[in-house]
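# A look at the structure
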Amino acid sequence: MSLIKSISGIRGTIGGKVDDNLTPVDVVKFTAAFGTWLQKNKNKKDLTLVIGRDARISGAMVNSLVTATLQGLGIHVVDLGLSTTPTVEVMVPELNADGGIILTASHNPKQWNALKLLNEKGEFISGKDGAEMLEIAEKEDFNFAEVDDLGKYETRTDAFDIHIQKILDLPMVDVEAVKAKKFKVVLDAVNSTGGISLPPLLEKLGCEVVKLYCEPNGQFPHNPEPLKEHLTDICDLIKKEGADVGIVVDPDVDRLALIDENGEMFGEEYTLVAVADYLLRHKKGVAVSNLSSSRALRDVARNLDSEYFASAVGEVNVVTLMKEKNAVIGGEGNGGIIYPDLHYGRDSLVGVALFLTHLAKENKTVSELRATYPAYYMGKKKIELTPEIDVDALLVKMQEEYNISSSLNVEEISTIDGVKIDFPENWVHLRKSNTEPIIRIYTEAFSQHEADELADKMIAKIKSLI
């Protein structure tokens, strides 16, 4: 498996050959590149970086390499140890640090790990910054510190406490309303750090917590992406325990999936919809998601006299648009909640607190709450093309075929990220892969059959244009 270098970080499988997988040499090189980039861009002598990791088997080894490399550059390290992506993001500004590195490959299987790179705000670095860092890595333009100037190292064990308290202090989190409900919650944390970060939050909200796979040993008991087909164990346990709700997070706790009292999926797309519904009822404003997320968010926002905007796919793009529009709430349809009153990053902990507040105030079961939202179904397909085909030109042709001035029943066309065509009752989003000659086809409609049928229709149209 190739090493993947992108603005969102450096990702790869552990072991193998240098520059082909995420080997110790690659970890050192890219950590040194990020540290060097920070030193060149900061106008101060002593830099401090916050680091934290999920519970992957390779985490301790990667942590040692990252820590030593940063110290070797003369950068001070604050190590949170086992942590979550949102916790590290919260702690960077909390500690007035100059940036952060999160050691996690998110929802990827156990053989993967990655370096996620944060700026001084605790937000992912921009595309421009990432390109500069990769250039430094390519040139190996490093200058390590003399022996008297090595970076200091310290650990912090209070990061979860600080993160949780900030959530409980939010005006929109009604602790007493949730406590009064005494919710019984089953938690599947896929044997990573959700198992040590979420139970203290849930207990402070007065919930009874039934733990499933909450031992942070990195031995993922099922595919760690929180999709329906991977979650049969928790669905069975919810029914057996008579629980009110099931909560599932990925290994670094930035994606939140919910399950109702009958063991049925709430729908990852609807995590953000439900939280936005609650927040926009109390403060009209703007909701933001990416182009491939459900139309249900737009519907809910408009019903509450609020506005909806869509960004290009990618958390950095969602955050940029949220700031531009001063959004009340934003995120991605994969269960990523971004609540700017806390921080600009996907955060399952704040998502849980806001969702349970909404559930308590609505006085409904999870299935009853889900029934109040528009029912949409998504399709995801792809068309593989031969390398000589110009994918960009093909997408331009598709845009022209469905141009808004045509007689076809098109509401809107967006070209900020591939081509998205909105029809009155459904939509299709065509995006090219950055790594192979593939067009990914996302659709949404009022039934699974219609969503899949629309995708097949688009595949046929693309083939006719080749």
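Note that this is a predicted model, so its numbers are computed, not measured. Along each chain, residues carry numbers from 1 onward, in the same order as the chain's sequence is written. Since the coordinates come from a predicted model, pLDDT governs what is reported: local features require at least 70, and pairs of side-chain atoms require 80 or more to be given and counted, while whole-chain, interface and lining totals use all residues. Excluding hydrogens and water, the side-chain values take into account all heavy atoms of the structure.

### Some words on the overall build of the chain
To be explicit about the condition: Runs of E in the DSSP output that reach at least two residues are strands. Runs of H or I that reach at least four are helices, and both are numbered from the N terminus. Both definitions apply: the radius of gyration is a C-alpha atom measure, and the globule rule equals 2.2 Å times residues to the power 0.38. In this analysis, two residues are considered to be in contact whenever any of their non-hydrogen atoms come within 4.5 Å of each other. Using a 1.4 Å probe, the Shrake-Rupley method yields the accessible areas, and only the shown protein chains count as cover for residues. In this tally Asp and Glu are treated as negative and Lys and Arg as positive; neither His nor the chain ends contributes. Just so you know, the charge point we use is NZ for Lys, CZ for Arg, CG for Asp and CD for Glu.
Tallying secondary structure elements over the chain gives 15 helices and 20 strands in all. On C-alpha atoms alone, the chain measures out to a radius of gyration of 22 Å, which is about the 23 Å that the 2.2 N^0.38 rule sets for 466 residues. On the principal axes, the C-alpha backbone points of the chain span a range of 70 × 60 × 40 Å. Of the contacts formed within the chain by residues at least 6 apart in sequence, a portion of 66% connects residues at least 24 apart. Taken as a whole, the chain presents about 19100 Å² of accessible surface, with 47% of it coming from carbon and sulfur. Counting 51 positive and 72 negative side-chain charges, the chain places the centres of these two groups 1 Å from one another.

### Comments concerning helix α2 (residues 59–72)
Rule in force here: Given a helix with a known number of residues, its expected span is that number minus one, times 1.5 Å. Accessible area is worked out with a 1.4 Å probe on protein chains only. A residue is then buried under 20% of its type maximum, exposed over 50%, and partly exposed in between.
Relative to the 20 Å expected for 14 residues at 1.5 Å per residue, α2 spans 20 Å between its end C-alpha atoms, a close match to the ideal helical length. Along α2, the positions that sit buried rather than exposed are Gly59, Val62, Asn63, Val66, Thr67, Thr69, Leu70 and Gly72. Of the residues flanking the end of α2, it is Gly74, one or two places downstream, whose phi is positive at about 90°.

### Examining the pairing of strand β8 (residues 184–188)
Let me state the cut-off plainly: Strands were regarded as paired on the criterion that DSSP finds at least two bridges between them.
For β8, the buried fraction is high: five of the five residues fall into the buried class. Burial along β8 is two-sided: the residues Lys184, Val186 and Asp188 and Val185 and Leu187 are all buried. As paired elements, β8 and strand β9 (residues 208–212) share five bridges and run parallel to each other. Looking at β9, one finds that Val186 is bridged to Val210.

### Things to note about the pairing of strand β6 (residues 112–118)
Along β6, seven of the seven residues are buried, which leaves the element largely enclosed by surrounding structure. The side-chain alternation of β6 yields two buried faces, one formed by Trp112, Ala114, Lys116 and Leu118 and the other by Asn113, Leu115 and Leu117. Where strand β2 (residues 9–13) and β6 come together, four bridges link them in antiparallel fashion. Residue pairing in the sheet places Arg11 in a bridge with Ala114 of β6.

### Details of the packing of aromatic side chains
For clarity, the threshold we go by: Any two of the Phe, Tyr and Trp rings considered here, Trp counted by its six-membered ring, make a pair once their centres fall within 6.5 Å; the pair's planes then place it as stacked at under 30 degrees, edge-to-face at over 60, or tilted in between. Two conditions define a charge located above a ring, namely a distance within 6 Å from the ring centre to NZ of Lys or CZ of Arg, and an angle within 35 degrees of the ring normal.
This structure, assessed with the given rule, holds five aromatic pairs. Aromatic side chains Phe34 and Trp37 sit 6.0 Å apart centroid to centroid with 15° between the ring planes, which places their arrangement in the stacked category. With Phe34 and Trp37 both in helix α1 (residues 24–41), this residue pair falls three residues apart, about one helical turn. An identical accessibility class is assigned to Phe34 and Trp37; each is buried. When the centroid spacing of 5.2 Å and the interplanar angle of 20° are considered together, the rings of Tyr376 and Phe446 count as stacked. Of this pair, Tyr376 sits in the loop between α13 (366–370) and β16 (377–384) while Phe446 sits in the loop between β20 (438–445) and α15 (448–465), placing them 70 residues apart in sequence. The cationic tip of Lys323 hangs over the ring face of Tyr344; the distance from NZ or CZ to the ring centre is 5.2 Å.

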